[in-house]
Amino acid sequence: MTKPAETPVRAGDKVSSESHSLTELLEIQKAAFLRDGIPDAATRVDRINRLGQMLLDNADEITAALNEDFGTRPRELSIATDVAGCLIDLTHQRRSAEKWMKETNVSKIQGALGYKQRLRHDPLGVVGIMGPWNFPLQLTIVPAGSAFAAGNRVLLRPSSITAKTTAVIARVAPDYFSIEELAVVTSAHGGGSDFAKLKVDHMFFTGSPEVGASVAQEAAKNLIPVTLELGGKNPVIVDATQDITEAANFIADARMINGGQVCLCPDYVFVPESKVGEFTEKVVARWTKNFPTILTNDQYTSTINEKNYTRITGLIDDAVELGATKHQVIPAGEALPNADARKIPPTLLTGVKAGMKIEEDEVFGPVLTVYPYRNLSEAIDKINSAGHPLTLYWVGDDNENLKRVADNTRSGSISGNDFALHLLSHGLPFGGVGRSGMGNYHGKFGFDTFSHARAVTVSTMPIKFAELVSAPFTKSDTRLTNAQMKMWNFIQGRASRKSAKR
């Protein structure tokens, strides 16, 4: 007797992901991928549309949940980053998916001679996405959009730290997606380490280098490819010719985005030695203007939890105890830092030296370290002594000094005179290098990350390559091989001579 086929779980059935175990969700999506085959362009676009609509329809509830998770987080920031900020890339994925997924003919000329070559862009299957707490939706929804554009199913695990936001998404997702397409994984399914053990077809992780290393180790056990979007201490170099007020205002603003809890925030700054005092005064003045109050200010983002609050205040105290000088903005009548509100005042440190914990740790909070420099070599050497950052900020003209910095350092990106503008470009990748990550996404880079470039060749040539390289070999084969070696020796010799003349 033939077993009746199971009824597919479709969008609108409102089946909660929490009604299934983690392994069951994976098996459901794998079975659906095999059953339905590679999705067409209309299906991919529809999934991306529903992803964006889910954010828009629930924007008020999402921003309220983010505010609760943080303690204080401006609605404007949450809309700009975790709602509207996602739609920039989703829109590009939706408009471009059909073009990107088409087969590519590699060589029409060789094809006409009987050697046809095509390149397919196939989906991988099921993609697992692990998100961080600082932007719990942007850093999960955007890669999910790329995965959908590439034709995949998605297991989405937002951070457990922002539990209220995750709960909202887990509750509303079944209104837009079947769990065969997108399933939201919560702490009810286990911890992040359990998710990292899943035998998905690609694992995408955003978070700290320490946790990223653990995720990569688990994925390696099953030979699963990973994309790691990690952090790092992002340096800033202020060029000697730059207006110091303009530099101070930009850096002060960039440091305080989301309370400094952004993987792209500037962490430490190199300022020409003669201008350190002026720079310090200007930064403090900018912070004083921007934050006339802090404790009751709903525009001042709280530190996410007690653990990070204690860690950041500990970094400040350690530096001061070992000789650093702190410059803080504390409005009159306010007792800061405040553990109950988890609010740390904007803090600038000077006199930081080797041996202080803040020299090694990514702050991820409202603290900026300033170093004097006399020549670019000092700044370059200091940057190179640490792990490669996610981005390197340059404040100055697009000049030879910038080229020298770019040629002699390594970072995921370089951002000049503004905060992370490459996030807004469809033509640029987002990703780190070394300790700050591996792989990238955004725009077509995201589509490529979640696709397999699959070569297809079809021969109608009268001569088979297999025959040419199989025994028995004849005298004619030997003459052909010798002729090949003479040709390559000639070509290699000519190339070597040209290189020697340069």
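What counts and what doesn't
- Residues numbered from 1 in each chain as written.
- Predicted model: local features only at pLDDT ≥ 70, side-chain atom pairs only at ≥ 80, totals over all residues.
- Heavy atoms only, no water.
- Domains from an automatic or database assignment.
- Contact = heavy atoms within 4.5 Å.
- Buried area = accessible area lost by both parts, 1.4 Å probe.
- Salt bridge = Lys/Arg side-chain N within 4 Å of Asp/Glu carboxyl O.
- Polar contact = N/O pair within 3.5 Å; in protein donor to acceptor, adjacent residues only side chain to side chain.
- Helix = DSSP H or I, 4+ residues; strand = E, 2+ residues; numbered from the N terminus.
- Nonpolar A, V, L, I, M, F, W, Y, C, P; charged D, E, K, R; others polar.
- Patch = residues over 30% accessible without salt bridge, like charges linked within 9 Å, V, L, I, M, F, W, Y side chains within 5 Å.
- Areas by Shrake-Rupley, 256 points an atom, 1.4 Å probe, with all protein chains shown as cover.
- Buried < 20%, exposed > 50% of the residue type's maximum accessible area, 1.4 Å probe, protein only.
- Axes fitted to C-alpha atoms, helices over the stretch in contact; angles between N-to-C directions.
- Parallel < 35°, antiparallel > 145°, perpendicular 65-115°, else oblique.
- Left-handed = near helix turned anticlockwise from the far one by under 90°.
- Lys, Arg positive; Asp, Glu negative; His and termini not counted.
- Charge placed at Lys NZ, Arg CZ, Asp CG, Glu CD.
- Expected span 1.5 Å × (residues − 1).
- Phe/Tyr/Trp six-rings, centres within 6.5 Å; stacked < 30°, edge-to-face > 60°.
- UniProt positions renumbered as here; feature names shortened; annotations may be inferred.
- Pairing = 2+ DSSP bridges.

### As for the domain arrangement of the protein
Reasoning step 1: Looking at the assigned domains, one finds that the protein contains domain 1 (17-231 + 443-453) and domain 2 (235-431).
Reasoning step 2: The centre of domain 1, based on its C-alpha atoms, is set 31 Å off from the matching centre of domain 2.
Reasoning step 3: The partner domain 2 presents 27 residues to the 21 residues of domain 1 that form the contact.
Reasoning step 4: Contact between domain 1 and domain 2 buries roughly 1900 Å² in total, counting both sides, with carbon and sulfur atoms accounting for 62%.
Reasoning step 5: On the domain 1 side of the contact with domain 2, Phe70, Thr72 and Trp133 bury the most area, a combined 27% of that side's loss.
Reasoning step 6: Counting across the interface, domain 1 meets domain 2 through zero salt bridges.
Reasoning step 7: Viewed at the interface, domain 2 and domain 1 are joined by five residue pairs in polar contact (both at pLDDT 80 or more).
Reasoning step 8: Element by element, the count of residues in the side of domain 1 that touches domain 2 is highest for helix H4 (residues 75-100), at four residues.
Reasoning step 9: Tallied by class, residues from the side of domain 1 that touches domain 2 come to nine nonpolar, seven polar and five charged.

### What about a nonpolar patch on the surface?
Reasoning step 1: Residues Ile463, Phe465, Leu468 and Val469 make up a contiguous nonpolar surface patch of about 420 Å² in total accessible area.
Reasoning step 2: Among the secondary structure elements, Leu468 is positioned in helix H16 (residues 465-468).
Reasoning step 3: Residue classification places Leu468 among the partly exposed residues on the basis of a relative accessible area of 39%.

### A short note on the packing of helix H13 (residues 376-384) against helix H14 (residues 400-408)
Reasoning step 1: In the contact formed by H13 and H14, the axes pass within 10 Å of each other and the chain directions differ by 30°. By the angle class used here, H13 and H14 are roughly parallel. In the crossing of H13 with H14, the sense of the turn from one axis to the other is right-handed. Across the interface between the two elements, Leu376, Ser377, Ile380 and Asn384 of H13 pack against Asn401, Arg404, Val405 and Asn408 of H14.

### Overview of a negative patch on the surface
Reasoning step 1: On the surface, a cluster of negative charge is made up of Asp243, Glu246, Glu278 and Glu281.
Reasoning step 2: One can find Glu281 in helix H11 (residues 276-290).
Reasoning step 3: Residue Glu281 is classed as exposed on the basis of its relative accessible area, which comes to 59%.

### So, the packing of helix H2 (residues 41-57) against H4
Helix-helix packing is characterised by the crossing angle of the two axes and by the distance between the axes.
Reasoning step 1: Across the interface, H2 lies against H4 with an axial gap of 9 Å and an inter-helix angle of 170°. Between H2 and H4, the angle falls in the class roughly antiparallel. Two secondary-structure elements touch here, H2 through Ala41, Val45, Ile48, Asn49, Leu51, Gly52, Leu55 and Leu56 and H4 through Asp82, Val83, Cys86, Leu87, Leu90, Gln93, Arg94 and Glu98.
Reasoning step 2: Taken together, the residues of the contact of H2 with H4 break down into 10 nonpolar, three polar and three charged.

### Here we look at helix H6 (residues 138-149)
Reasoning step 1: In a regular helix each residue adds 1.5 Å, so 12 residues correspond to 16 Å; H6 covers 16 Å between its end C-alpha atoms and thus fits that length.
Reasoning step 2: Of all 12 residues in H6, 12 are buried; the element is thus mostly enclosed.
Reasoning step 3: The set of residues buried in H6 consists of Gln138, Leu139, Thr140, Ile141, Val142, Pro143, Ala144, Gly145, Ser146, Ala147, Phe148 and Ala149.
Reasoning step 4: The first or second residue beyond H6 is Gly151, which carries a positive phi of 95°.

### Details of the packing of aromatic side chains
Reasoning step 1: Enumeration according to the criterion identifies 13 aromatic pairs in this entry.
Reasoning step 2: Here the aromatic rings of Phe204 and Tyr441 are separated by 4.9 Å at their centres, their planes lie at 85°, and the arrangement is edge-to-face. Taken together, the residues Phe204 in strand S6 (residues 202-206) and Tyr441 in the loop between strand S15 (437-438) and helix H15 (443-449) connect sequence positions 237 residues apart. Tyr441 shares its class with Phe204; the two are buried.
Reasoning step 3: With a relative accessible area of 0%, Phe204 lands in the buried category.

### Brief notes about the side chain of Arg342
Reasoning step 1: Structurally, Arg342 can be placed in the loop between strand S10 (325-328) and strand S11 (347-350).
Reasoning step 2: Polar side-chain contacts of Arg342 include one of 3.3 Å to the backbone oxygen of Ile304.
Reasoning step 3: Not counting residues up to four positions away in its chain, the partners in contact with Arg342 are Asp69, Phe70, Gly71, Ser302, Thr303, Ile304, Asn305, Glu306 and Tyr309.

### Brief notes about the UniProt feature "active site" (unreviewed entry) in the protein
Reasoning step 1: Using the residue numbers shown here, the UniProt feature "active site" (unreviewed entry) corresponds to Glu229 and Cys263. A compact arrangement is adopted by the annotated residues: their sequence extent is 35 residues, whereas the largest C-alpha distance between any two is 9.3 Å.
Reasoning step 2: Within the secondary structure, Glu229 is located in strand S7 (residues 226-229).
Reasoning step 3: With a relative accessible area of 2%, Glu229 lands in the buried category.
Reasoning step 4: Excluding its chain neighbours within four sequence positions, the residues that come into contact with Glu229 are Phe204, Phe205, Thr206, Gly207, Phe430, Gly431, Gly432, Ser436, Gly439, Asn440 and Tyr441.
Reasoning step 5: Topologically, Cys263 is positioned in the loop between helix H10 (244-255) and strand S9 (266-272).
Reasoning step 6: Classification of Cys263 as buried rests on a relative accessible area of 14%.
Reasoning step 7: Cys263 has contacts with Asn134, Leu230, Gly231, Gly232, Asn234, Glu362, Phe364, Leu390 and Phe430, leaving out every residue within four places of it along the chain.

### What to know about the sheet that holds S15
By way of backbone hydrogen bonds, the strands of a sheet pair with one another, either parallel or antiparallel.
Reasoning step 1: With mixed pairing, the six strands of this open sheet are ordered in space as S5-S4-S3-S6-S7-S15. A strand with exactly one partner marks an edge of an open sheet, and here the two such strands are strand S5 (182-184) and S15.
Reasoning step 2: Where strand S3 (residues 126-130) meets S6, four bridges bridge the pair, whose relative direction is parallel. Residue Met130 lies in a different strand from S6, and its bridge partner there is Phe205.
Reasoning step 3: Contacting S3, strand S4 (153-157) and S5, helix H1 (residues 22-36) crosses the sheet at an angle of about 160° to S4.

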